[in-house]
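This is what each chain is made of:
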Amino acid sequence: MQVDKKTITLIALNTAFVTHKNLGGGDRMLMELISRLPGNITPIVILPPIGMAHWRKLKLPKRIYRILPATTFDGNESRVAIFFAYLLRLRYTLKILGNLLQMNENSVIYTASDYFVDVIPITLLKLKFRHARWLAQTYHIVHPPRERTGNILNNTAAYLLQRTSFLLIRYQANHIFADNPKTLVFFKKRFRGPVTLLGGSVDTDRTQKLIPRLVPASETVIVGRLDPTKNMPGALTVWKGVTKILPYAHLNIIGTSSRSRINALKTMISQAGLEKNITLTGFVPHEGRPNIFDHLKRSRIFLFLESEGGRSLALLEALACGLPVIALPHSLFENNFVTGGIKICPDIPSIAAEIVNLLNHPSYYLSLSRKALIEARRFDWNSSMNHFASILKHEPK
């Protein structure tokens with residue numbers, strides 16, 4: 001990529017962190033992009049104190065951070081506490097971002113999520129600072145409340161909040177990034193400006209060179225925040241079916257959630273008689289040792305049962321480790337993955353049978369593992385950064 005001499009100030013709003021124990025795919029994507037930016041792009045990241053637990057591991061210059069004041073609700077995973085934490089952060093962000101735009105109105109603003117805490121401050125400030133360019137990142141589209149698993153009131157709130165954010169983005173953003181084809185089509189039908197794909201990626205060559213620490217091995221692994229869309233009951237049903245044929249097969253579930261949801265999952269595991277076959281590892285970071293790649297490389301298959309979601313960073317990282325992916329049908333796989341490293345099964349019973357088939361047939365397993373690596377190389381961080389930087393440098397007429 002040809003380097004432009006003009007210096008660009010990029011202000012990234014990354015204020016939607018809930019807890020230091022969890023890291024969203026969008027947060028990770030921003031971290032990867034910022035760490036790869038060319039020298040003529042100067043980043044500033046606005047984030048809450050709990051977000052620094054993750055950003056600090058990148059060892060970037062401290063001057064790039066603008067840390068919001070802490071709130072009494074930070075780290076509390078109840079939806080009411082998250083809502084009030086977001087309201088307070090929104091107020092703090094308005095002040096900090098307003099001061100930054102006062103000094104340089106021609107800055108480029110990137111919102112790392114479509115949550116209202118990131119979207120509302122720049123929506124309001126664009127009314128005053130009309131020359132600021134807003135690049136809005138979007139992910140999966142939340143399904144209507146009755147089409148989702150989980151509490152109907154929570155589902156309704158999530159649906160309405162996202163649709164409100166989408167309206168604000170369509171009204172004020174200059175460019176929309178979508179991390180998957182379905183969201184891309186959604187905005188192309190509703191937004192007059194440019195909409196392009198930008199989603200999670202992976203450094204496959206670097207990942208292949210990593211030598212894993214001796215963390216506990218497993219036949220299959222699940223990675224992600226353990227919310228209702230991850231279909232944990234389905235995962236237990238799958239593993240019950242697998243252990244009927246392979247009694248010692250082990251499943252690692254990597255991720256965290258609220259204490260009540262984790263306790264409920266532990267109860268379900270106990271009731272299914274799978275305590276010796278399933279391990280809940282909790283949150284595992286990307287940096288340090290052991291890390292997420294240690295666990296992926298000590299596993300053999302990646303299980304993907306999500307009912308919602310955009311381009312899954314965990315799925316790409318699993319492919320880069322050579323893990324075949326077994327999944328239920330999902331819009332993510334439509335016109336997005338092509339080589340066959342991902343096996344789509346129609347239902348839960350067929351997934352259990354496919355896992356057993358893979359584990360019992362080494363040549364079939366190696367064939368899918370090679371295809372997984374080929375697939376992962378289609379999603380490269382440097383290519384994503386080049387696209388991101390080219391949009392940053394584009395001067396709209």
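For the structure itself, look to the data block above.
In this report, the structure presented in the accompanying data block is examined.

Before going further, it helps to spend a moment on the sheet that holds strand 3 (residues 65-67). Taking strand neighbours across the sheet as the criterion, the 7 strands line up as 3-2-1-4-5-6-7 in an open arrangement whose pairing is parallel. Only two strands of the sheet have a single partner each, and these edge strands are strand 3 and strand 7 (195-197). The sheet shows a mean angle of 20° between the axes of neighbouring strands, taken without regard to direction. With 3 bridges joining them, strand 6 (residues 175-178) and strand 7 adopt parallel strand pairing. Note that in strand 7 the partner of A178 across the bridge is L197. Packing of helix 6 (residues 181-188) onto the sheet brings it into contact with strand 5 (133-138), strand 6 and strand 7, and relative to strand 7 it is tilted by some 175°.

When you line up the elements, P233 lands in helix 8 (residues 232-245). On the basis of relative accessible area, P233 is assigned to the partly exposed category, the value being 46%. Each C-alpha atom of the pair P233 and L88 lies 36 Å from the other, and the pair is 145 residues apart in sequence.

Now for helix 1 (residues 25-36). Residues that lie three or four places apart on an α-helix share one face, since the helix turns once every 3.6 residues. With 12 residues, helix 1 extends 17 Å from end C-alpha to end C-alpha; this agrees with the ideal 16 Å at 1.5 Å per step. Along helix 1, 9 of the 12 residues are buried, which leaves the element largely enclosed by surrounding structure. G26, D27, R28, M29, L30, M31, E32, L33 and I34 are the residues of helix 1 that are buried.

Right, let's get into the layout of surface pockets. The calculated volume of the second largest pocket comes to roughly 330 Å³. As for the second largest pocket, its lining consists of 18 residues, of which R28, E32, R206, E287 and F293 are closest to the centre. When contributions to the lining of the second largest pocket are tallied by element, the ones reaching two or more residues are helix 1 and helix 7 (204-209). Take the lining of the second largest pocket: its biggest share by element is 4 residues, from helix 1.

This part is about the pairing of strand 8 (residues 220-223). Across the two faces of strand 8 the burial is the same, with T220 and I222 and V221 and V223 all buried. Direction of pairing for strand 8 relative to strand 9 (residues 251-254): parallel, over a ladder of 4 bridges. The residue bridging I222 from the neighbouring strand is I253, located in strand 9. Read as a crossover between parallel neighbours, the route from strand 8 over helix 8 to strand 9 is right-handed. With 2 bridges joining them, strand 8 and strand 11 (residues 301-304) adopt parallel strand pairing. Within the sheet, the bridge partner assigned to T220 lies in strand 11 and is I301.

Here is what the cut-offs are and how they apply
Residues numbered from 1 in each chain as written. Predicted model: local features only at pLDDT ≥ 70, side-chain atom pairs only at ≥ 80, totals over all residues. Heavy atoms only, no water. Pairing = 2+ DSSP bridges. Helix = DSSP H or I, 4+ residues; strand = E, 2+ residues; numbered from the N terminus. Axes fitted to C-alpha atoms, helices over the stretch in contact; angles between N-to-C directions. Contact = heavy atoms within 4.5 Å. Buried < 20%, exposed > 50% of the residue type's maximum accessible area, 1.4 Å probe, protein only. Expected span 1.5 Å × (residues − 1). 1 Å grid on protein atoms, 1.4 Å probe; cavity = no way out; pocket = protein on both sides within 12 Å on 5 of 7 lines; lining within 4 Å. Points joined across faces, edges and corners; volume = space filled by probe spheres on them. Right-handed = clockwise from strand over helix to strand, strands pointing away.

So yeah, pure geometry; function would need other evidence.
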